[in-house]
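# Report on the structure
As a plain string of letters, each chain reads:
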Amino acid sequence: MPLVCQAASGRRPSITVFGADYPTPDGTCVRDYIHVHDLCSAHLRALEYLESGGGTAAFDLGYGQGTSVQQIIDAVERVSGIALKVEEGERRPGDPARLVADSTRAREVLGWTPARADLDTIVADAWRWERAFLARAVA
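Residues numbered from 1 in each chain as written. Predicted model: local features only at pLDDT ≥ 70, side-chain atom pairs only at ≥ 80, totals over all residues. Heavy atoms only, no water.

## Focus on the pattern of salt bridges
Counted by the stated rule, this structure contains 7 salt bridges. Residue Asp95 pairs with Arg31 through a salt bridge whose shortest N-O separation is 3.2 Å. Taken together, the residues Asp95 in the loop between strand S4 (86-89) and strand S5 (98-99) and Arg31 in strand S2 (residues 30-31) connect sequence positions 64 residues apart. Judged by its relative accessible area of 16%, Arg31 falls in the buried class. The partner of Arg92 in a salt bridge is Asp95, with the nearest N and O atoms 3.1 Å apart. Given a relative accessible area of 45%, Arg92 falls into the partly exposed group. Taken together, the shared-partner salt bridges connect Arg31, Arg92 and Asp95 into one network. (Salt bridge = Lys/Arg side-chain N within 4 Å of Asp/Glu carboxyl O. Helix = DSSP H or I, 4+ residues; strand = E, 2+ residues; numbered from the N terminus. Buried < 20%, exposed > 50% of the residue type's maximum accessible area, 1.4 Å probe, protein only.)

## Concerning the nonpolar core
In this structure, Val4, Ile72, Ile73, Val76, Leu84 and Val123 are the most contacted members of the largest nonpolar core, which totals 17 residues. Where this core is concerned, the elements lending two or more residues are helix H1 (2-9), strand S1 (15-18), helix H3 (69-80) and helix H5 (119-138). The contact partners of Val76, leaving out residues within four places of it in the chain, are Val4, Cys5, Ala8, Gly81, Leu84 and Val123. Counting 5 residues, the second largest nonpolar core, distinct from the first, contains Phe59, Ala106, Leu110 and Trp112. (Core = buried A, V, L, I, M, F, W, Y, C linked by side-chain atoms within 4.5 Å. Contact = heavy atoms within 4.5 Å.)

## Description of the confidence of the model for the chain
For the chain, per-residue confidence averages 95 on the pLDDT scale, and 99% of positions sit at 70 or higher. The secondary-structure element of the chain with the lowest mean pLDDT is H5, recorded at 92, while H3 shows the highest, at 98. (pLDDT = per-residue confidence, 0-100.)

## Thoughts on the packing of H1 against H5
At a minimum axis separation of 10 Å, H1 and H5 run at an interaxial angle of 55°. With respect to each other, H1 and H5 are oriented oblique. Note on packing geometry: the crossing formed by H1 with H5 is right-handed. Contact residues: H1 offers Cys5, Gln6, Ala8 and Ser9, while H5 offers Ala126, Trp127, Glu130 and Leu134. (Axes fitted to C-alpha atoms, helices over the stretch in contact; angles between N-to-C directions. Parallel < 35°, antiparallel > 145°, perpendicular 65-115°, else oblique. Left-handed = near helix turned anticlockwise from the far one by under 90°.)

So this is what it looks like as structure tokens:
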């Protein structure tokens, strides 16, 4: 997502989609993108868990639903109002078609509940951060 926002802001000339022939609805990889605030809140819950005597453990963090690379590109274009230059590249070796988290354990053990699963909210916040980054870089 940051790379797509960078393409929209002009920091990158284009965005490359690595593979458009995966067995997914639009042919691009599907991933479980998570808002940085939700990721941080899960880490805080994990620290609280450890401080209260919980043992070390691994937890998947995500929303349990996938979003394709093309859907991310479409959302960035929609939110930013900027048409992106998209290039198709070859598949990257070992890239799975679909990778979606099962955060059931994090929800049960840590009491974590994500709050920002809406794609346009995630993209709008990423786009706002990108524009703020550019404003600081120019200043």
